Amino acid sequence: MEVRQLLVANSVLNSVDLDQAVAKLMVTVGNDGYTQGYEECTKHVNNALRIDWDTRRSAFHRVDTGAAHVAAKTEYNNLHHPVMDLVSAALQSDEFVAELKEVFPDDDEDLE
């Protein structure tokens, strides 16, 4: 892999916005999975013991974890990386190599 390809990849992968979106997505998917598992377990307990299990003490009682997960997933899917705008603009040029070198210069390359 060329140095410039690594620079593009690192610019995207090291984005603080990407880190935050992934962390939020992981938390919401975990919460939603826990909630769905808790609800399914409650149904089994209710059916097996023929009782109405009180779920009001659950941390997720009346919390729409599914909606929070969908919102986090949408935020992740719509994440915008400014560096990709620069790359896209450079690729539109006839001199795209020179433009990409301006976006991602080598440390030892003289740009003057």
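This section reports on the structure supplied with the text. Predicted model only: the values in this text are computed from it and were never measured. (Residues numbered from 1 in each chain as written. Predicted model: local features only at pLDDT ≥ 70, side-chain atom pairs only at ≥ 80, totals over all residues. Heavy atoms only, no water.)

## Re the overall build of the protein
Alright, step 1. Looking only at helices and strands, the protein features 5 helices and 0 strands.
Alright, step 2. Relative to the compact-globule value of 13 Å for 112 residues, the protein shows a C-alpha radius of gyration of 24 Å, a clear excess of over 25%.
Alright, step 3. Counting only C-alpha atoms, the protein reaches 80 × 25 × 20 Å along its principal axes.
Alright, step 4. Every one of the 112 residues in the protein was classed for burial, and the buried ones make up 20%.
Alright, step 5. Taking contacts inside the protein between residues at least 6 apart in sequence as the whole, the part at least 24 apart equals 64%.
Alright, step 6. Carbon and sulfur atoms make up 54% of the accessible area of the protein, which totals about 8700 Å².
Alright, step 7. Seen as two clouds, the 9 positive and the 21 negative side-chain charges of the protein have centres 24 Å apart. (Helix = DSSP H or I, 4+ residues; strand = E, 2+ residues; numbered from the N terminus. Rg over C-alpha atoms; globule rule 2.2 N^0.38 Å. Buried < 20%, exposed > 50% of the residue type's maximum accessible area, 1.4 Å probe, protein only. Contact = heavy atoms within 4.5 Å. Areas by Shrake-Rupley, 256 points an atom, 1.4 Å probe, with all protein chains shown as cover. Lys, Arg positive; Asp, Glu negative; His and termini not counted. Charge placed at Lys NZ, Arg CZ, Asp CG, Glu CD.)

## Structural notes on the pattern of salt bridges
Alright, step 1. On inspection of all chains with the given rule, the structure shows 2 salt bridges.
Alright, step 2. Arg56 is paired through a salt bridge with Asp54; the nearest N and O atoms lie 2.9 Å apart.
Alright, step 3. Judged by its relative accessible area of 60%, Arg56 falls in the exposed class. (Salt bridge = Lys/Arg side-chain N within 4 Å of Asp/Glu carboxyl O.)

## Quick word on a negative patch on the surface
Alright, step 1. Together, Asp94, Glu95, Glu99 and Glu102 make up a region of like negative charge exposed at the surface.
Alright, step 2. When you line up the elements, Asp94 lands in the loop between helix 4 (82–92) and helix 5 (96–103). (Patch = residues over 30% accessible without salt bridge, like charges linked within 9 Å, V, L, I, M, F, W, Y side chains within 5 Å.)

## Digging into helix 4
Alright, step 1. Restricting attention to buried positions, one finds in helix 4 the residues Val83, Val87 and Ala90. Buried residues along helix 4 cover an arc of 65° about the axis, so they all sit on one side. Residues of helix 4 that are exposed and point more than 90 degrees away from the buried face comprise Pro82 and Gln92. (Arc of directions from axis to C-beta.)

## Brief notes about the nonpolar core
Alright, step 1. Listed in full, the 6 residues of the largest apolar core are Val12, Val83, Val87, Ala90, Leu100 and Phe104.
Alright, step 2. In contact with Val87, not counting residues within four places along its chain, are Val8, Leu100 and Phe104. (Core = buried A, V, L, I, M, F, W, Y, C linked by side-chain atoms within 4.5 Å.)

Keep in mind that these numbers describe shape and distance, not what the molecule does.
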